[in-house]
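# Architecture at a glance
Residues per chain are reported as follows:
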Amino acid sequence: MLEVLNLSLSVSIQGNRVDAVSGVSLALEAGRVLGLVGESGCGKSLTAQAILRLGEFQGVAKSSGDILIDGESLFTMSDERLRRTRGGRIAMIFQEPMTALNPVFSIGSQIIEVIRLHLDMDKQQARQRAIDLLLDVGMQDAEQILKQYPDSLSGGMRQRVLIAMAMAADPDYIIADEPTTALDVSVQKRIIALLLNLQKKRGLGLLLVTHDFGLVAEMCDDVAVMYAGQIVESGPVKEIFDHPAHPYTRALMGCRPEVSETGGALAVIAGQVPPPGQWPCGCHFAPRCSGADELCSATVAADVWRDHSHIARCVHVGSK
Ligand SMILES: Nc1ncnc2c1ncn2[C@@H]1O[C@H](COP(=O)(O)OP(=O)(O)OP(=O)(O)O)[C@@H](O)[C@H]1O
Ligand SMILES: [Mg+2]
């Protein structure tokens, strides 16, 4: 199990350190897909990157909390163990495949490098594994692809290569940060189907970061809804879809094209997500919430348990 426990992360804005993620808890189990959903700027990528301790390179620091993989803290493990964990036990698939691939090396040499970094294989064995991985992600002419360079592939093909690379060391968990937003809609569907297929076949725990609630409905077992640095609601997808409790979740669900009253055009929630350092007192969503009253801006809502797994953070949950 991969657990994020009460994690807060700070960033530096105009010389001040402010929290950009506040008290986030998530649990990702093997064989399950957890969606992390919210509008742009809510802190989804910061949270996802923290799971690999990647944000630290960009000045992001942990202010409190912990991240545990099978009970072991990522923050106290040795550098060598962290290096083996990254890619070996937890792999990441990024939004923009071109930035994650090196343009000056062939696809083959990049996949083989990842394999040999994590698995005890000679060059020939690693090459064969690279071919198998490319076949696994639906690239039939795998031998040919090995010789090619990233810029000779389409966006969808590059994303398949990145998925193959993420699978290279047989990880237990995959963190996919908006893995398809840079792609055409038809390609998106195929990549998502591929990812789900691999997740099921290998029994992976998959954290899928997205701003698309429709995708959550299609793909995920569980969902965590994030707003302005906090998880405002979480639980099994079916439960949340049938009984969304937090006004922000309901608003996001109303933005799905199939339910939008604007006839297909994407509805939006009026106003904007406040950036770190400008979060309001009390409930972060209150200024944009049609049901908000004085209590909302005066109180920091505690988590309310709707049932054993469904949590919502709204002072009016249960009373409205
Ligand atoms: N290294 C950084 N230094 C300062 N501020 C940062 C840093 N990284 C992120 N932020 C800020 O933290 C907030 C959350 O960023 P994050 O990238 O996690 O959002 P997100 O939910 O992934 O959004 P998107 O859907 O656009 O990818 C944003 O306001 C962003 O500007
Ligand atoms: Mg992001």
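Residues numbered from 1 in each chain as written. Chains lettered and ligands numbered in written order. Predicted model: local features only at pLDDT ≥ 70, side-chain atom pairs only at ≥ 80, totals over all residues. Heavy atoms only, no water.

Looking at an unreviewed UniProt entry, one finds the protein named Peptide/nickel transport system ATP-binding protein and attributed to Mariprofundus aestuarium. You can read under Subcellular location (unreviewed entry) in the UniProt record for the protein the words "Cell inner membrane". The Sequence similarities (unreviewed entry) field of the UniProt record for the protein holds the comment "Belongs to the ABC transporter superfamily." (UniProt positions renumbered as here; feature names shortened; annotations may be inferred.)

## A short note on the environment of cysteine 220
Within the secondary structure layout, cysteine 220 lies in the loop between helix H9 (213-219) and strand S9 (222-227). Considering only alpha carbons, one finds cysteine 220 and tryptophan 305, 85 residues apart in sequence, at a separation of 21 Å. If near-sequence neighbours (up to four positions away) are discounted, cysteine 220 is found in contact with Val33, Leu34, Gly35, Leu208, Leu215 and Val237. (Helix = DSSP H or I, 4+ residues; strand = E, 2+ residues; numbered from the N terminus. Contact = heavy atoms within 4.5 Å.)

## Here we look at the site of ligand 1
By nearness alone, 15 residues border ligand 1, and Ser40, Gly41, Lys44, Ser45 and Leu46 come closest of all. Within the contact set of ligand 1, an oxygen atom lies 2.8 Å away from a side-chain nitrogen or oxygen of lysine 44. Between ligand 1 and the protein, one listed contact pairs a nitrogen atom with a backbone N or O atom of glutamine 58 at 3.1 Å. When ligand 1 sits alone it has 640 Å² of accessible area, and the protein chains cover 69% of it. Looking at the shell around ligand 1, the elements that each hand over two or more residues are strand S1 (2-13) and helix H1 (44-50). (Near = heavy atom within 4 Å. Polar contact = N/O pair within 3.5 Å; in protein donor to acceptor, adjacent residues only side chain to side chain. Areas by Shrake-Rupley, 256 points an atom, 1.4 Å probe, with all protein chains shown as cover.)

## Let's talk about unusual backbone geometry
Even without being glycine, glutamine 14 reaches a positive phi, approximately 45°. Here glutamine 14 is to be found in the loop between S1 and strand S2 (16-28). The class of glutamine 14 is exposed, set by a relative accessible area of 80%. (Buried < 20%, exposed > 50% of the residue type's maximum accessible area, 1.4 Å probe, protein only.)

## Brief notes about the side chain of arginine 53
Here arginine 53 lies in the loop between H1 and strand S4 (61-69). Side-chain polar atoms of arginine 53 contact the backbone oxygen of leucine 74, separated by 2.8 Å. If we ignore the near neighbours within four places in the chain, the residues touching arginine 53 are Leu74, Phe75, Leu82 and Arg86.

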